[in-house]
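Residues per chain are reported as follows:
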2 protein chains.
Amino acid sequence: MGESLTEFVTETQQPGTEVLRPAGALERRRSAGRQRDGRPGSADGHEAEMLLARTRAAVDPVLRAALETLPVPMRRIALHHFGWQEADGTPAAGGSGKAIRPALVLAAAAALGGPEAREVSVQAAAAVELVHNFTLLHDDVMDRDTTRRHRPTAWAVFGDADAILAGDALQALALRLLAEDPHPAAPAAAARLADCVVELCAGQHADTALERCRPGEVTLDETLAMAEAKTGALLGCACAIGALYAGTGEADVAALDAFGREAGLAFQLIDDVIGIWGDPHRTGKPAGADLAARKKSLPVVAALTSGTPAAAELAELYEAPRGEEDLEHIALTVERAGGRDWAQGQAADRMARAMRHLACAVPDPEAAGGLLALAEFVTRRSS
Amino acid sequence: MGESLTEFVTETQQPGTEVLRPAGALERRRSAGRQRDGRPGSADGHEAEMLLARTRAAVDPVLRAALETLPVPMRRIALHHFGWQEADGTPAAGGSGKAIRPALVLAAAAALGGPEAREVSVQAAAAVELVHNFTLLHDDVMDRDTTRRHRPTAWAVFGDADAILAGDALQALALRLLAEDPHPAAPAAAARLADCVVELCAGQHADTALERCRPGEVTLDETLAMAEAKTGALLGCACAIGALYAGTGEADVAALDAFGREAGLAFQLIDDVIGIWGDPHRTGKPAGADLAARKKSLPVVAALTSGTPAAAELAELYEAPRGEEDLEHIALTVERAGGRDWAQGQAADRMARAMRHLACAVPDPEAAGGLLALAEFVTRRSS
């Protein structure tokens with residue numbers, strides 16, 4: 001592969017929402033024509049959508065069976081969080097997230113070990129999804145977020161204590177799934193997932209610390225490191241666990257981890273761009289929401305640290321008392337200070353790095369198609 | 001063994017603090033004379049103190065090494081919680097708890113597999129201690145407890161978010177220790193420990209739910225089940241993990257689990273008695289503290305559900321607005337309603353059951369000496 005930055009094109013999907021795509025990636029996938037397992041591949045997110053649907057079909061039964069082992073009060077909270085049950089116990093229509101992390105586990109296993117490896121890594125994929133959801137439960141408590149996936153968060157319904165306990169229980173379930181998995185890769189996967197939890201905790205800590213800082217105190221390196229720990233780590237871990245289940249060597253496991261991390265950072269950068277300029281109908285987030293909350297997202301910190309006159313103006317705007325402010329004016333100031341361009345360039349750069357790592361471990365573009373489709377998919381959406 | 005309730009004697013150690021001891025147990029330990037490993041055994045808690053000191057010496061380096069792997073902010077909180085570091089980063093004198101749970105792991109391994117089994121179960125013992133401490137960190141947040149082991153709790157020093165995150169990280173470290181342990185019992189131990197975490201969460205949930213109930217709504221069965229989940233489960237799990245590392249069969253593992261659970265319940269009952277009538281100098285808890293907080297501890301619930309006239313009086317006292325109340329009068333009312341006698345009888349009963357389970361798995365009294373000494377020790381102390 002080896003795309004350089006200049007090989008990336010930025011195209012406007014709809015007003016206000018840019019997506020980044022490596023030139024040629026699409027063609028490569030199209031030329032592959034069929035996926036490894038014989039199903040037709042597809043472009044523009046359709047292949048990713050199909051992979052995600054297949055992942056849900058394979059992983060959801062494992063997740064549901066794991067949640068069924070919980071004692072009633074914990075199970076109630078967990079089923080509500082996953083969108084499978086209302087607070088009163090009646091069944092709910094779903095909405096348990098897009099399953100991107102378990103899809104990465106399965107796609108990485110398939111890319112390096114074929115359909116057999118994909119099949120034996122379903123339990124590990126479920127473990128990764130449980131860890132993701134445990135961190136969501138706890139992050140929502142800490143961040144006082146009242147809505148997730150268009151539903152009230154667990155702490156808002158059940159209280160802080162129960163949301164914390166349900167999160168604790170989900171982490172335990174995740175590690176139990178791996179402890180019970182007879183596959184020889186399971187212990188290494190469990191160790192890796194546990195390390196990832198520690199990194200996620202450090203990332204969440206850094207995020208809350210960052211939000212408490214004054215605008216002038218934040219550095220871009222810290223913010224990037226935070227985003228890597230908070231978002232990149234689990235995407236990398238998911239890919240690495242898939243590689244472990246495929247039985248590959250350490251170098252390929254590390255390359256898959258790096259692929260997931262870089263793709264995760266690209267995702268976060270695009271998510272942050274959408275959080276400022278995005279289309280609320282498409283994202284479920286009102287445009288400017290991150291600015292209204294004075295969030296020190298990546299484009300904002302890039303702008304604040306740009307050394308431009310607009311940077312100083314932005315710092316002032318961020319320190320002013322909140323109220324009937326003009327969010328469009330703040331967004332424009334971030335843009336004038338170069339925050340938007342930087343974030344888009346950085347996202348393209350991260351995607352290019354991700355694909356270089358992927359090409360190292362999976363030189364066959366056909367085999368890499370699934371992972372590539374998922375990486376492209378996550379950099380086009382925001383939740 | 002097979003003690004019946006009548007074989008138990010209640011002796012007064014010091015004013016206000018009764019301890020329960022099976023008649024004959026002491027003699028048996030004395031007659032054993034020497035422990036399995038050739039060191040002289042001892043009575044009246046000295047043997048237990050020695051076992052705990054040996055446990056600390058073996059397990060603390062593993063714990064410290066595990067904490068060293070944490071990113072700086074998480075490490076700081078964890079070292080403070082363990083009493084190894086002050087909030088400002090200077091070394092602290094310790095006070096990281098009595099290490100009863102890891103001591104039970106090692107003693108169970110030694111009882112069923114000799115010194116070799118003891119030696120290979122040190123990592124698992126550290127994992128159990130990490131789980132215990134993760135639950136303490138989270139429980140303190142939920143219960144708003146500001147002091148633990150005579151030091152300010154983590155949330156009181158670092159805030160809720162960081163205390164939650166440090167707890168999450170400790171759970172991950174615990175499971176990582178087992179995932180990295182090459183011993184063939186490690187996966188089964190990890191699965192068991194994960195199940196135990198779920199039970200601990202359910203126990204903590206039940207405890208907070210119970211405290212929100214009105215005095216008339218609580219049943220004794222619920223309260224006992226809560227205490228078993230909250231206190232018995234991890235003591236049972238510790239013993240079961242020791243048995244797993246000794247390579248014993250399922251029946252012995254289950255018997256050791258039951259031993260630890262019953263001993264844990266006996267501990268909780270005695271702890272609750274001390275929480276009402278105990279000596280504050282000995283326990284670090286002012287007498288009547290549980291009553292001042294209107295805690296629905298086991299003796300209180302036994303009293304409330306006794307159907308006596310004193311029960312109705314106690315319910316009224318518990319519902320009255322808090323203020324300059326006469327705690328001695330409340331304590332006397334619990335006693336008149338039979339709460340104290342019930343708790344002491346129940347503790348004796350639980351200890352008898354514990355020893356029957358122990359005798360099934362470890363018929364040799366000499367081999368069982370360490371576990372017996374620890375079980376007696378925990379029912380004599382309160383923190």
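By the naming in an unreviewed UniProt entry, chain A goes by Family 2 encapsulin nanocompartment cargo protein polyprenyl transferase and is assigned to Streptomyces bullii. We quote the UniProt Sequence similarities (unreviewed entry) comment for chain A here in full: "Belongs to the FPP/GGPP synthase family."

Expressed as a screw transformation, the operator carrying chain B onto chain A has a rotation angle of 180° and an axial translation of 0.0 Å, and the superposed copies differ by an RMSD of 0.0 Å. Expressed as an axis order, the relation between the two copies is that of a two-fold axis. Comparing contact sets, 100% of the residues at the interface of chain B also lie at the interface in chain A, consistent with an isologous, same-surface contact.

With the rule as written, the count across this model stands at 38 salt bridges over all chains. For arginine 340 of chain A, the salt bridge goes to glutamate 335 of chain A, with nearest N and O atoms at 3.4 Å. Among the salt bridges present, the one from glutamate 313 of chain B reaches arginine 336 of chain B, with a minimum N-O distance of 2.8 Å. Linking glutamate 313 of chain B in helix α14 (residues 309–319) with arginine 336 of chain B in helix α15 (residues 327–336), this pair joins segments that are 23 residues apart in sequence.

Our next topic: the packing of aromatic side chains. Tallying each qualifying case throughout the model produces 2 aromatic pairs over all chains. Centroid distance phenylalanine 82 of chain A to tryptophan 84 of chain A: 5.1 Å. Interplanar angle 20°. Geometry classified as stacked. Since its relative accessible area comes to 0%, phenylalanine 82 of chain A is described here as buried. The ring of tryptophan 84 of chain B carries the charged tip of arginine 64 of chain B above its face, separated from the ring centre by 4.1 Å. The lysine or arginine in question, arginine 294 of chain B, covers the ring of tyrosine 318 of chain B, its NZ or CZ lying 5.7 Å from the ring centre.

Turning to the interface of chain B and chain A, a few remarks are in order. At the interface, 32 residues of chain B touch 32 residues of chain A. Overall, the association of chain B and chain A removes approximately 2700 Å² of surface from exposure, summing both partners, and the carbon and sulfur fraction of that is 75%. Looking only at chain B, the three residues that lose the most surface to chain A are Leu165, Val198 and His205 of chain B, adding up to 19% of its buried area. On the surface where chain B and chain A come into contact, there are 2 salt bridges. With its nearest N and O atoms 2.5 Å apart, the salt bridge here joins aspartate 195 of chain A to arginine 176 of chain B. Taken together, the links from chain B to chain A amount to 10 residue pairs in polar contact (both at pLDDT 80 or more). Those elements that provide at least two residues to the side of chain B that touches chain A are α3 (72–81), α5 (122–143), α7 (160–180) and α8 (186–212) of chain B.

It is worth spelling out the packing of helix α5 (residues 122–143) of chain A against helix α8 (residues 186–212) of chain A at this point. Think of two packed helices as two axes; the pair is described by the angle between the axes and how far apart they sit. Residues and elements named next belong to chain A. Two numbers describe how α5 lies on α8: the axes approach to 11 Å, and their chain directions differ by 20°. Taken together, the axis directions place α5 and α8 in an arrangement best described as roughly parallel. Here α5 and α8 pass one another in a crossing that is right-handed. Where α5 abuts α8, its residues Ala127, Val128, Val131, Phe134, Thr135, Asp139, Met142 and Asp143 lie against Leu193, Val197, Leu200, Gln204 and Thr208. Looking at the contact of α5 with α8 residue by residue, the class counts come to 8 nonpolar, 3 polar and 2 charged.

Cut-offs applied
- Residues numbered from 1 in each chain as written.
- Chains lettered and ligands numbered in written order.
- Predicted model: local features only at pLDDT ≥ 70, side-chain atom pairs only at ≥ 80, totals over all residues.
- Heavy atoms only, no water.
- UniProt positions renumbered as here; feature names shortened; annotations may be inferred.
- Least-squares fit on C-alpha atoms with pLDDT ≥ 70 in both.
- Contact = heavy atoms within 4.5 Å.
- Salt bridge = Lys/Arg side-chain N within 4 Å of Asp/Glu carboxyl O.
- Helix = DSSP H or I, 4+ residues; strand = E, 2+ residues; numbered from the N terminus.
- Phe/Tyr/Trp six-rings, centres within 6.5 Å; stacked < 30°, edge-to-face > 60°.
- Buried < 20%, exposed > 50% of the residue type's maximum accessible area, 1.4 Å probe, protein only.
- Lys NZ or Arg CZ within 6 Å of the ring centre and 35° of its normal.
- Buried area = accessible area lost by both parts, 1.4 Å probe.
- Polar contact = N/O pair within 3.5 Å; in protein donor to acceptor, adjacent residues only side chain to side chain.
- Axes fitted to C-alpha atoms, helices over the stretch in contact; angles between N-to-C directions.
- Parallel < 35°, antiparallel > 145°, perpendicular 65-115°, else oblique.
- Left-handed = near helix turned anticlockwise from the far one by under 90°.
- Nonpolar A, V, L, I, M, F, W, Y, C, P; charged D, E, K, R; others polar.

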